[in-house]
Every structure is written in structure tokens, then in C-alpha cells.
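Residue-level structure breakdown
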Amino acid sequence: MKNLSFLFLFCLSALLIACDPKPSEPNPRLEQPEEFKQLLDAHGEWEKWINAKAFSYAMIHETNLAWENHYIDLVERKVRIDADTWQIGNDGEKVWISPNRQAFQGRSVRFYHNLYFYFFSIPYIFTDPGVTVKKTENKLLNGISYPAFEVSFEANVGDSPDDKYFMLVDPETSRLAWVLYKVTFFDKNNSSMNALKYEDYRDAGGLVFPRLMTGYEYENDSTKKIRYQVSFADVFLVDKAMDDELFAMPEKNAVVAN
């Protein structure tokens, strides 16, 4: 009986060990260049971004007071934007718009559907696979010298892997102050840069996001006239995935868009 009892306890112990989940391996996205980590650290507990499943916020175009609510699946990068007269979505396979293409006055629905999400998520978004961030020489902007990082992409990353970004860091706060960027979605040979200013950071569950972003024309290390300005509110980063139905293309009054 003693042997049977010992055998039972041994088998039970082995079963418990087998069922005990092994600790998960560290996410490779946490392995970033040390100087980039310092920039991320200045924006809060950035590992929360990597572990989060979903993201949402409200956005207002300050030039015409048009509003939008954005919902993003951070794992599969599905997107849903609700505006006053249209809805845009990405269900993981296609980009769609409702009620019709004419409802959106922009040049490209596909270009627009994750445009502000990407800008708003810098620097966290640059922890994505296929993105390279490296410290570069200081950048001069409006007569001020900023510590800078250069960002580039592997050939298979996103719709515009030839885009180029420079993150300019506020030397006093160590947070992102400006982004200089080149867009190649419409023209792969485009070489002109734009400037985007990040202001009035607010805490959102341990991470900080700018309340205001202002886009400028950029030339000869200086900003020119304002191109656009957007403000943000109701920022939520959550660990629970959103329902797939939120991103699904409506059966009626919707079309696939480019």
C-alpha cells in the first residue's frame, strides 16, 4: 500500500508539473536599442503598449472641428473610424468605407485609415517588427538643436516601406517633441519632408500621449505654414481584444476602397 500511495503521489506531482504553464518568453519587441529605450521610458510604462490588445481615442480636426472616434486592434491592426458622415474600417483583409466612396473627400481611404493612429502612437509604434531605430546626429529645427533618432523599415513592412522618419527629442523632458517625416505612399520618389509637433502630453493609464499634434510644411530646417492640427481625448489602452464585428464591413451601404 505504501508503494501504491507513493506511486499515486508521484504521478499526481508529475501531472501537476506537466499542467503548470511555463513562464512565457519575453516579447522580442522589448529588446530595443538602449538609447531608444531611454526615449520610450520617458513616455511611461511602454511595455503596456506591447502587451495591450486594443486602443481607442477621440480626435478633432481643429481646422474645421470635424470629429472622429478611432478603434484599433493592436494585435492584427484592424481599424475602425467613425465620423459624422462616414465610417472607415480595415477588417484585416480589406479597407472599406460606408456609406460610399463619395462620403470621404480624401485622396485615399487606405492611406487615411491608419494615418493618425500611426502618428499618434509614436514612439511606441516603432517597437514593431521590421522597424529599425538608431540614434543619429542632432537635427536643427527653427534654430534649436534636438537629439534625434532615424527610423527606417524593412521592405515588407506596411504599404510604404520607403517612408522615412526622424524623431526629435526635447532635451529638457526627454520626450518626443517633433517628427520629421517623408511620405512615399503616393510617390516612391518623393523626397520632401514634413514636420509634426507633439504638445501637451497627458497620462493614459501609465503611458503619455500628446493632446495636440500640429503638422507644418518644412524647408531648410524650418517650419513654414500649418498644414493641419488635431487634438485628442478619451484615450484608452486595454488588455482585452475588441469584437471582430466592430471591424467587419457592413453588408449594405459599404464599398471596398483603395
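Residues numbered from 1 in each chain as written. Predicted model: local features only at pLDDT ≥ 70, side-chain atom pairs only at ≥ 80, totals over all residues. Heavy atoms only, no water.

**Observations regarding the overall build of the chain**
Each helix and strand counted, the chain has 5 helices and 13 strands in total. The burial tally for the chain puts 45% of its 258 residues in the buried class. Long-range contacts, defined here as pairs at least 24 residues apart, represent 49% of the contacts in the chain between residues at least 6 apart. (Helix = DSSP H or I, 4+ residues; strand = E, 2+ residues; numbered from the N terminus. Buried < 20%, exposed > 50% of the residue type's maximum accessible area, 1.4 Å probe, protein only. Contact = heavy atoms within 4.5 Å.)

**Concerning a nonpolar patch on the surface**
A contiguous nonpolar patch, built from Ile60, Leu65 and Trp67 and spanning about 300 Å² of accessible area, is present on the exposed surface. In this fold, Ile60 is placed in strand S1 (residues 54-61). Given the relative accessible area of 34%, Ile60 is considered partly exposed. (Patch = residues over 30% accessible without salt bridge, like charges linked within 9 Å, V, L, I, M, F, W, Y side chains within 5 Å. Areas by Shrake-Rupley, 256 points an atom, 1.4 Å probe, with all protein chains shown as cover. Salt bridge = Lys/Arg side-chain N within 4 Å of Asp/Glu carboxyl O.)

**So, the nonpolar core**
Judged by nonpolar contacts, the single largest core of 57 residues is most densely connected at Phe126 and Met167. By residue number, the principal contributor to this core is helix H5 (residues 115-120), which donates 6 residues. If you look at the next biggest cluster of nonpolar residues, it comprises 12 residues, including Leu141, Leu180, Ala195 and Tyr216. (Core = buried A, V, L, I, M, F, W, Y, C linked by side-chain atoms within 4.5 Å.)

**Notes on the side chain of Asp73**
Along the chain, Asp73 turns up in strand S2 (residues 66-73). For Asp73, which is buried and forms no salt bridge, the nearest opposite charge comes from Lys78, at a distance of 5.0 Å. A distance of 2.8 Å separates the side chain of Asp73 from the backbone nitrogen of Val75, its partner in a polar contact. Reaching out from Asp73, the side chain makes a polar contact with the backbone nitrogen of Glu76 at a distance of 3.0 Å. Other than its neighbours up to four places away in sequence, Asp73 contacts Lys53, Lys78 and Phe247. (Lys, Arg positive; Asp, Glu negative; His and termini not counted. Polar contact = N/O pair within 3.5 Å; in protein donor to acceptor, adjacent residues only side chain to side chain.)

**Side note on the packing of aromatic side chains**
What describes a pair of aromatic rings is the distance from one ring centre to the other and the angle between the planes of the rings. This structure, assessed with the given rule, holds 31 aromatic pairs. Their ring planes at 15° and their centres at 6.0 Å tell us that Phe55 and Phe120 sit as a pair that is stacked. Of this pair, Phe55 sits in strand S1 while Phe120 sits in helix H5, and the two are 65 residues apart along the sequence. The same class applies to Phe55 as to Phe120, namely buried. Among the aromatic side chains, those forming a connected cluster through ring pairs are Trp49, Phe55, Tyr57, Phe117, Phe120, Tyr124, Phe209 and Phe232. The ring of Phe166 carries the charged tip of Lys139 above its face, separated from the ring centre by 4.1 Å. (Phe/Tyr/Trp six-rings, centres within 6.5 Å; stacked < 30°, edge-to-face > 60°. Lys NZ or Arg CZ within 6 Å of the ring centre and 35° of its normal.)

**Some remarks on the pattern of salt bridges**
Taken as a whole and assessed by the stated rule, the structure comprises 11 salt bridges. Two residues, Lys78 and Glu76, come together in a salt bridge whose shortest N-O distance is 3.4 Å. For Arg80, the salt bridge goes to Asp82, with nearest N and O atoms at 2.5 Å. No difference in accessibility class separates Arg80 from Asp82, as the two residues are buried.

**Points about the environment of Lys94**
If you trace the backbone, Lys94 turns up in the loop between strand S4 (87-90) and strand S5 (95-98). Sequence-wise, Lys94 and Ala257 are 163 residues apart; in three dimensions their C-alpha atoms are separated by 8.0 Å. Other than its neighbours up to four places away in sequence, Lys94 contacts Gly89, Met249 and Val256.

**Examining the confidence of the model for the chain**
Across the chain, the average pLDDT comes to 89, with 89% of residues at or above 70. Note that residues 1-23 has pLDDT below 50 and, in this model, 0 contacts with residues that lie over four places away or in other chains. (pLDDT = per-residue confidence, 0-100.)

**Structural notes on a negative patch on the surface**
Together, Glu34, Glu35, Asp41 and Glu47 make up a region of like negative charge exposed at the surface. Ranked by the residues each element gives to the negative patch, the list is headed by helix H2 (residues 34-41), at 3 residues. Tracing the chain through its elements places Asp41 in helix H2. For Asp41, a relative accessible area of 49% gives the class partly exposed. (Charge placed at Lys NZ, Arg CZ, Asp CG, Glu CD.)

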